[in-house]
Amino acid sequence: MQSTATINLNFTINSGQVFLWEKIGEKWAGINGNDLLVIKEPFQIISSKKPARHFFRLDDNQPRILSRIGRDSLVGTAARQFSGLRLMRQDPFQCYISFICSSNSSIQNIRNMLTRLCTKFGDKIEFENRQFFTFPSAKRLSNATTKDLLSCGLGFRAKYVKDAIRAVNTGKIEFESLKKEDYGTALETLKTVKGVGNKIADCILLFSLDKLESFPIDRWTQRILQKYYPKIFYSSGGKSLTEKKYANLHKKVVEYFGPYAGYSQQFLFKLERDLNKKNWL
DNA sequence: TCATCACCTGGAGA
DNA sequence: ATCTCCAGGTGAT
């Protein structure tokens, strides 16, 4: 069992995994499904319904993971620079909707969309005189119209989110089943939902369904692979990542970074975004 | 099979 | 103020 002292909240929250967190004075407050987590640094839970070890993946064998991904020297360096950055195990439905909303959008915008969705459909929670709203369940959202979703600022994603909600409510998507399936099968199942392609499916798998070999490849990750690993991951000229190229690249990535490639991606992503002074939450 | 392109919206930069 | 550009992609042509 890992000590919570090894978690760096600031790095963890500001690494692009979650959107509904905010810093209030010394504390961080965040929404995960129907739970409100309030935590302060050094790591101490002020409030949460569920045990923190689940959300912060304290069941992971961190020394083993760091040792394995550290075989790559750049990842090793990033892991030391951002020591305490952890993957989180998010509420799957929230994660799924969040990343569908992330399509061609910025972190600030994604956060705004999701906040409006929670305010409109979630339950109010009060904590120390402040109001928060939980992330609505698929059932709660079953009657949300496209117009409702548009009013939350989802834009062209509204129709995807509507389909995604339906997929869960009809049982076409079952997160508990996906957790049990192997990576490839779960990936294909998620991709049957409109608005979910390779990158978004990988985010859902990595951040909420325990698939640590997921390695979401977005424009940043692509840039990273080309910049630091041109020899290993030469993505044959073209800029657009076709279905085939993505699968091929993922295969090479797992061969190179290993079974915890998702952790490697998180450190590299954090490293490069910080280097380019991109904003977080 | 692959490359292009439109897509809602709001925030940042000119 | 007003405008343009672009943002952790995806689906349709």
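As the structure is a prediction and not an experimental result, all values here were calculated from the model.

**Q** Would you mind showing me how to read the protein's contact with DNA strand C here?
**A** Around DNA strand C, the structure places 27 residues, and the nearest of them are G16, G195, G197, D218 and R219. When the atoms of DNA strand C within 4 Å of the protein are grouped by moiety, sugar and phosphate amount to 60% of the total. Contacts to DNA strand C include S103, whose side-chain N or O atom sits 3.3 Å from a base nitrogen. Here a base nitrogen of DNA strand C and a side-chain polar atom of D218 are 3.0 Å apart. When contributions to the surface near DNA strand C are tallied by element, the ones reaching two or more residues are α11 (198-208), α12 (219-228) and α14 (261-275). With four residues, the single largest contributor to the surface near DNA strand C is α11. Broken down by class, the residue content of the surface near DNA strand C amounts to 10 nonpolar, 11 polar and six charged.

**Q** Please explain the pattern of salt bridges as it appears in this structure.
**A** Note that side chains of opposite charge can pair when their charged atoms are close. Applying the stated rule across the entire model yields 14 salt bridges. One salt bridge connects D60 with R57, and the closest N-O pair in it is separated by 2.7 Å. Classification of R57 as buried rests on a relative accessible area of 3%. Put simply, D163 and R166 hold a salt bridge, and the shortest N to O gap is 2.5 Å. One end of the pair is D163 and the other is R166, both in helix α8 (residues 158-169) and three residues apart, which spans about a single turn. Under the relative-accessibility criterion, D163 is labelled partly exposed at 29%. Residue classification places R166 among the partly exposed residues on the basis of a relative accessible area of 43%. Each of R57, D59, D60, R89 and D210 takes part in one network of salt bridges that share partners.

**Q** I'm lost on the packing of aromatic side chains in this one. Help?
**A** Scanning all chains against the criterion turns up 18 aromatic pairs. Aromatic pair Y229 and F233: ring centres 5.8 Å apart, planes at 70°, arrangement edge-to-face. Neither residue differs from the other here; Y229 and F233 are each classed as buried. When the centroid spacing of 5.8 Å and the interplanar angle of 65° are considered together, the rings of Y229 and Y256 count as edge-to-face. Here the residue Y229 occupies a position in the loop between α12 and α13 (243-257), and Y256 occupies one in helix α13, the gap between them amounting to 27 residues. Under the relative-accessibility criterion, Y229 is labelled buried at 5%. With a relative accessible area of 32%, Y256 lands in the partly exposed category. An aromatic cluster is present here, built from F215, Y229, F233, Y256 and F257 joined pairwise through their rings.

Calculation criteria
Residues numbered from 1 in each chain as written. Chains lettered and ligands numbered in written order. Predicted model: local features only at pLDDT ≥ 70, side-chain atom pairs only at ≥ 80, totals over all residues. Heavy atoms only, no water. Near = heavy atom within 4 Å. Polar contact = N/O pair within 3.5 Å; in protein donor to acceptor, adjacent residues only side chain to side chain. Helix = DSSP H or I, 4+ residues; strand = E, 2+ residues; numbered from the N terminus. Nonpolar A, V, L, I, M, F, W, Y, C, P; charged D, E, K, R; others polar. Salt bridge = Lys/Arg side-chain N within 4 Å of Asp/Glu carboxyl O. Buried < 20%, exposed > 50% of the residue type's maximum accessible area, 1.4 Å probe, protein only. Phe/Tyr/Trp six-rings, centres within 6.5 Å; stacked < 30°, edge-to-face > 60°.

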